[in-house]
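# Coordinate inspection notes
For reference, the chains in residue letters:
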Amino acid sequence: MTIAGESSPALRDGLAKARGEVAFGSELRVAGNLFAIALRSPFGHAQLLDVDAAAARCAPGVVAVLTPWDLSAPDVPGDLFYDQPLSRRPALSAEALHVGAPVVLLAAETLAQAYEALRLLRPNWLELPGQFSLEGALSQGGAAEALPFGAVHWQQGDPQAIFAQAAIVREDILRTSTVQAGALEPYWALVEPTAQGGFIVHNGVAAPFELRRQMAEFLGLSLQQVEVRCPPVGGGFGSRSDDLAFLAALLARHCQRPVRMQLQRSEGWLAGRVRHGAQLRVRSALTQQGRLLARELEVWYDTGAFADLGPYVVLRALRSLALYPAEHQRFIGHLLRTNKPVASATRGFGNPQATFAVEVHNARICKQLGIGSLEFRQKTAIRAGAINPSVGVVDTQTGAFVPKGARISSSALPWCLQRAQQGLEEAITHLPACAPGWLRGQGVAAAMHTTGKGRAEVSTAEVFWTPGLLRVRSGATDQGGTGVASVLAQIAGQVLGEPPEAIVVELCSTAAELADSGAHASSRTFVAGAAVWDACQLVLARRKAGEPGELSARSAWHPDGNAPPFATCAAVVDVEPATGLCQVRWMGLGVDAGRILNPRQALGQVLGAAMMGLGFALYERLDFTADGRLASLSVADYGTPRATDMPPIDVWFAPSVEESHPLGVKGIGEIGLMPVAPALVNAIEAAIGRPLPGLPATPESVWRACRGEGGTCT
Amino acid sequence: MYLRPRNLSELFEMWHAHPEAVPVAGGSRVLPLGPQRPAVLLDLAIAALQTIEKEAQFLTFGPMVSVDRLAAVLASLPGLHAVAQAALGFVPVQVRKQATLGGNLLIGGSLAPALAAVGAIAIIKNHQEIQELPIQSVVPVQPGRLRLPAQTLLVAVRLPLEPSMVSYYAALRRTPVGPAVAAVAVAVVGSGLRLAVGGATPQLQMMQGDLADRAAMDRWLQDLPVTGDPRASAAYRQAMLALLLERALDALPTASRQSA
Ligand SMILES: Cc1cc2nc3c(=O)[nH]c(=O)nc-3n(C[C@H](O)[C@H](O)[C@H](O)COP(=O)(O)OP(=O)(O)OC[C@H]3O[C@@H](n4cnc5c(N)ncnc54)[C@H](O)[C@@H]3O)c2cc1C
């Protein structure tokens, strides 16, 4: 493994975690906390007609049983889509809209008692018809649209006219599967009532201030009456926007006792959050020489029972279109409702699906026209200085997307493409020949993502300095080992010249009122890091001015833009046509994430993303039966790759500096994921010479493709 | 409740007193059940169930021998190559070290086709009697439902030490650690052949035939009740069974050379 970059300082929180000194949220207990579980729907769509809870209420240790008729549960407010509450959903309803939907809540003194009582509940269900697949939702046309305005759409120029007259028009339709984030730590929440009538919410949420806003509205309290604490999280990947905190809060309010709720792994697949399964259509018009004249991307994302963060997720598909600017472009993003578990903001935020489709389409174009994959991307991809059309706002009345005219200030994508090509050539010469009966293919793909949400992002930091002691307080959270504390310490230490052992970093609860928009969109170093840097600069100025005593400063930082990071992936895959088995022999990732502050942590992010991309590409899939129940039989069947399933991976960080940011950084947390699946599929298609229908590229789908039963391309 | 007998007679006494008790071997299937875990567990970790005995014509394993140990012991016995391959193909290694021969066989795990092909015998016991049965009669017919009568223990698995036997096992998975979507085990003694199939059918399937009569094997494979599920379609499984059989038959001469 090779890294270009600076040397790695010691990992601050990593060491403590490795030593087992860090208490994760799922280990958290408070004195006298009750244990809560939910009766969940075994059906994809059903009405709970009634439930005989008499025996459960009398069972040992049971403190409360809440049915939908026992309380008028308010809706979970959900995130706002711009100013619109499109994600509002009932916290507890007798109508179960997906398998695993909670219908009855139960709290007991011990977990065993809670499970014992759960067995005593006698639900009376009426199974209802529903829409249990994306295919079904697609066939419903507009009726399945989850957003009131229909599809999000954007057009530039007149693509239709170009399609009508271009020399080459190619269209591909690809599918990606519903997958789960696969965080090690289960979903959990613990809610405590306070003596003052408020609540302390412990949760592994990515955006504590947003949860506080929603919880206060949910419980009819002021913001000050709700405190959200986010202990270290054992993996989030964006998927912790579940409703557990709201369910626990209902019970905590009812019982006036702390209530803890945690999902089992199998429950987490149903009641947690998953990545949208998708159908994607990409159409391009080109000259014979491969100049891109027009492109159209239409996506249908399966959001499951509720929109949740889906409106934003589907919008982010636009980045893959923006990466290859054509004069004439069109984007249509549909969010379709099905009676399946709720899809939301899983790592990459809608971009992995779309990048997959666009990059596989690009490779097929190159094959069709006989032009080099890298050459096509080098010529066609967006460059520094260009307007990034994927940054903008949606008119929530019409669904029209309006670009803001944001300019890309840095791009080392050409470097990343070059490096991937070089790595591929080196790998090919070093790899042993493939086994008899196997074919070898090479693939490349590129991606552009985002760093935060622009001006809407905020992070607040306070810095306190006396010689030999530097205290940093931040509202940022450590989502699943992103190592944010290490980076904040590093930044503060460098500005104020203090060694690591003199620095204390506190990641504070919302009570500290250090507003932070949350650990999403690869943005914490970019936003929280800048806030710490800015506060340190203020302290530095006062120190230089000779001010005595402890010096302190506070900064609330809003970034100027959302500096897109770039990445490429090159891969070598061996395929056995007789079985469809694929073996990834090598992957190389070139990453432009601006200045790499902490190479070791950055490498961890890229390798983790590569692993997630490999699972997405080859194995992972949540299967549902025709009536909406989970058909994936076990974790082993689901197919998250293990460390031993990983091929050799090279990672190269581009020597890049983001001009628009004081530290020169861009986001690193997601970009590595995007190009992996298309690079792997491009390699498989190159090996077998046939198109695949989508993801995952299971042995059977590859075998079928080899027999000419493959993808949809017209 | 967790019952910990010290020997076989104590085990049956405890089981008699707690008929609902569920035996725990390696526990890799029973223990992860979480809240659905049985209320009374009966630990099988007693010395009498962990022995390995060699006689002139047999090798007899206690059911508590781990899959990993089984692989190690059989590695040097070419006639039982198929069982060693099946044991080694069991992933991941952490579970392989924990899981037992008995637990795997009784839930119809990866070892079952290989054990059936080589003609293994299951020895079962209740508090009154001991019975010897062909291995396939203890493998579940319905997934997840054990086939042993109530309060009956698998106490040993006997493998034949047949010098002229050669055997081979091959399996194919959809995901790195998922169960096989198709598995084929073949054992040949002289011209006699035993073929067992797992993964592709709801139950373990077996045929006995003649090594020279390939057409009969193909017909048998064609007529199997191969099922489709999210792991793989019936058509794919059917095709893979034919391919794996082909490979097994091709590999047998190599296996016999190894055994010579
Ligand atoms: C991560 C993971 C990977 C796995 N991979 C595989 C794989 O590759 N291939 C595969 O086949 N399986 C696999 N399994 C499934 C399973 O764990 C194994 O099949 C294992 O061999 C079961 O053996 P055990 O000793 O752990 O059984 P246990 O869980 O202890 O018992 C299984 C069942 O058999 C009963 N039982 C056990 N021994 C006796 C006995 N002597 N008499 C009567 N009843 C008995 C128990 O009561 C129980 O009902 C995997 C499981 C996990 C968790």
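Reading guide: rules and limits
Residues numbered from 1 in each chain as written. Chains lettered and ligands numbered in written order. Predicted model: local features only at pLDDT ≥ 70, side-chain atom pairs only at ≥ 80, totals over all residues. Heavy atoms only, no water. Helix = DSSP H or I, 4+ residues; strand = E, 2+ residues; numbered from the N terminus. Rg over C-alpha atoms; globule rule 2.2 N^0.38 Å. Buried < 20%, exposed > 50% of the residue type's maximum accessible area, 1.4 Å probe, protein only. Areas by Shrake-Rupley, 256 points an atom, 1.4 Å probe, with all protein chains shown as cover. Lys, Arg positive; Asp, Glu negative; His and termini not counted. Charge placed at Lys NZ, Arg CZ, Asp CG, Glu CD. Core = buried A, V, L, I, M, F, W, Y, C linked by side-chain atoms within 4.5 Å. Domains from an automatic or database assignment. Near = heavy atom within 4 Å. Polar contact = N/O pair within 3.5 Å; in protein donor to acceptor, adjacent residues only side chain to side chain. Nonpolar A, V, L, I, M, F, W, Y, C, P; charged D, E, K, R; others polar. Salt bridge = Lys/Arg side-chain N within 4 Å of Asp/Glu carboxyl O. Pairing = 2+ DSSP bridges. Contact = heavy atoms within 4.5 Å. Buried area = accessible area lost by both parts, 1.4 Å probe. Phe/Tyr/Trp six-rings, centres within 6.5 Å; stacked < 30°, edge-to-face > 60°. Lys NZ or Arg CZ within 6 Å of the ring centre and 35° of its normal. Axes fitted to C-alpha atoms, helices over the stretch in contact; angles between N-to-C directions. Parallel < 35°, antiparallel > 145°, perpendicular 65-115°, else oblique. Left-handed = near helix turned anticlockwise from the far one by under 90°.

Check the secondary structure of chain A and you find 19 helices and 30 strands. Its C-alpha radius of gyration of 25 Å places chain A within 12% of the 27 Å reference for a compact globule of 714 residues. When burial is assessed residue by residue, chain A has 64% of its 714 residues classed as buried. By element, 54% of the accessible surface of chain A is carried by carbon and sulfur atoms, the whole surface being about 24,400 Å². Distance from the positive charge centre (60 side chains) to the negative charge centre (64 side chains) of chain A: 2 Å.

All right, on to the nonpolar core then. Core analysis: the largest hydrophobic core is formed by 121 residues, its most contacted members being Tyr301, Met587 and Ile684 of chain A. The element contributing the most residues to this core is helix H18 (residues 676-688) of chain A, with nine residues. Each of domain 1 (25-129 + 185-234 + 239-271) and domain 2 (274-398 + 408-451 + 563-713) of chain A gives at least three residues to this core. Within the second largest apolar cluster, 44 residues are counted, among which are Leu74, Leu101, Leu106 and Ala183 of chain B.

Time to look at the site of the ligand. Residue and element names in this part refer to chain B. Taken together, 29 residues sit near the ligand, with Pro23, Gly26, Ser28, Thr100 and Ser110 positioned nearest. In the environment of the ligand, an oxygen atom lies 2.9 Å from a nitrogen or oxygen atom belonging to the side chain of Asn104. Its free accessible area being 970 Å², the ligand has 86% of it covered by the protein chains. In the shell around the ligand, the residues fall into 18 nonpolar, nine polar and two charged.

A side chain with one charge may pair with a side chain of the opposite charge, provided their charged atoms come close. All names here are of chain A. A full pass over the atoms with the stated rule returns 55 salt bridges over all chains. Residues Asp243 and Arg89 are paired through a salt bridge, measuring 2.7 Å at the closest nitrogen-oxygen approach. With Asp243 in the loop between strand S14 (226-229) and helix H7 (244-255) and Arg89 in strand S5 (residues 89-90), this pair connects stretches of sequence that are 154 residues apart. With respect to burial, Asp243 and Arg89 carry one shared label: buried. Through salt bridges that share partners, Glu171, Arg281, Arg283, Glu296, Glu298 and Arg330 make up one connected network.

Moving on, we come to the pairing of strand S3 (residues 62-66) of chain A. Residues and elements named next belong to chain A. Most of S3 sits inside the fold, with four of its five residues counted as buried. Relative to strand S7 (residues 102-108), S3 runs antiparallel, the two sharing four bridges. Bridged to Leu66 within S7 is Leu105.

This next bit is on the interface of chain B and chain A. Taken residue by residue, the interface counts 22 residues in chain B and 25 residues in chain A. Here chain B meets chain A over a buried area of about 1,900 Å², counting both sides, of which 57% is carbon and sulfur. For the pair chain B and chain A, the interface holds two salt bridges. Where Glu576 of chain A meets Arg247 of chain B, a salt bridge forms, and the shortest distance between an N and an O atom there is 2.6 Å.

What follows covers the packing of aromatic side chains. On inspection of all chains with the given rule, the structure shows 12 aromatic pairs over all chains. Judged by centre distance (5.0 Å) and plane angle (70°), the ring pair of Trp703 of chain A and Tyr236 of chain B falls under edge-to-face. With Trp703 of chain A in helix H19 (residues 699-706) and Tyr236 of chain B in helix H8 (residues 234-259), the pair connects residues from two separate chains. Assessed through its relative accessible area of 6%, Trp703 of chain A is described here as buried. For Tyr236 of chain B, a relative accessible area of 2% gives the class buried. Connected via pairs of aromatic rings, a cluster forms that spans Phe81, Tyr82, Phe149 and Tyr312 of chain A. The positively charged end of Arg471 of chain A is found above the aromatic ring belonging to Phe464 of chain A, 4.5 Å away from the centroid. Over the face of the ring belonging to Trp703 of chain A we find Arg707 of chain A, whose NZ or CZ atom lies 4.1 Å from the ring centre.

For the rest of this paragraph, the subject is the sheet that holds strand S2 (residues 22-24) of chain B. All names here are of chain B. One open sheet accounts for three strands, arranged S1-S3-S2; its pairing is parallel. A strand with exactly one partner marks an edge of an open sheet, and here the two such strands are strand S1 (2-3) and S2. Taken together, the three bridges between S2 and strand S3 (residues 41-43) define a ladder with parallel strand orientation. What sits directly across from Val22, in S3, is Leu41. Helix-sheet contacts for helix H1 (residues 8-17) involve S1, S2 and S3, and the interaxial angle to S3 is about 175°.

Looking now at the domain arrangement of chain B. What the domain assignment reports for chain B is domain 1 (1-48) and domain 2 (165-258). The straight-line distance from the C-alpha centre of domain 1 of chain B to that of domain 2 of chain B is 35 Å.

All names here are of chain B. As defined by bridge partners, strand S4 (residues 52-54) adjoins strand S5 (residues 58-61) across three bridges and the pair is classed as antiparallel. Each bridged residue has a counterpart across the sheet, and for Lys54 the counterpart in S5 is Leu59. As consecutive antiparallel partners, S4 and S5 are separated by three residues.

In this section: the sheet that holds strand S2 (residues 46-52) of chain A. Residue and element names in this part refer to chain A. Pairing in this open sheet of three strands is antiparallel, and the strands run S6-S2-S8 from one edge to the other. The open sheet has two free edges, formed respectively by strand S6 (95-96) and strand S8 (122-127), since each of these has just one partner strand. Sheet analysis places S2 next to S6, joined by two bridges and oriented antiparallel. The residue bridging Gln47 from the neighbouring strand is Glu95, located in S6.

For helix H3 (residues 81-88) of chain B, the set of buried residues is Ala82, Val83, Ala84, Ala86 and Ala87 of chain B. In this structure, the buried side of H3 of chain B is in contact with helix H2 (67-74), helix H4 (93-98), helix H6 (111-117) and strand S9 (165-173) of chain B.

Let's shift gears to the packing of helix H14 (residues 484-496) of chain A against helix H15 (residues 524-544) of chain A. Residues and elements named next belong to chain A. H15 packs onto H14 with a crossing angle of 25° between their chain directions and a minimal axis gap of 9 Å. By the angle class used here, H14 and H15 are roughly parallel. Handedness of the H14/H15 crossing: right-handed. Every residue of H15 that contacts H14 at Val484, Val487, Leu488, Ile491, Ala492, Val495 and Leu496 is listed here: Arg524, Thr525, Ala528, Gly529, Val532, Trp533, Cys536, Gln537, Val539, Leu540 and Arg543.

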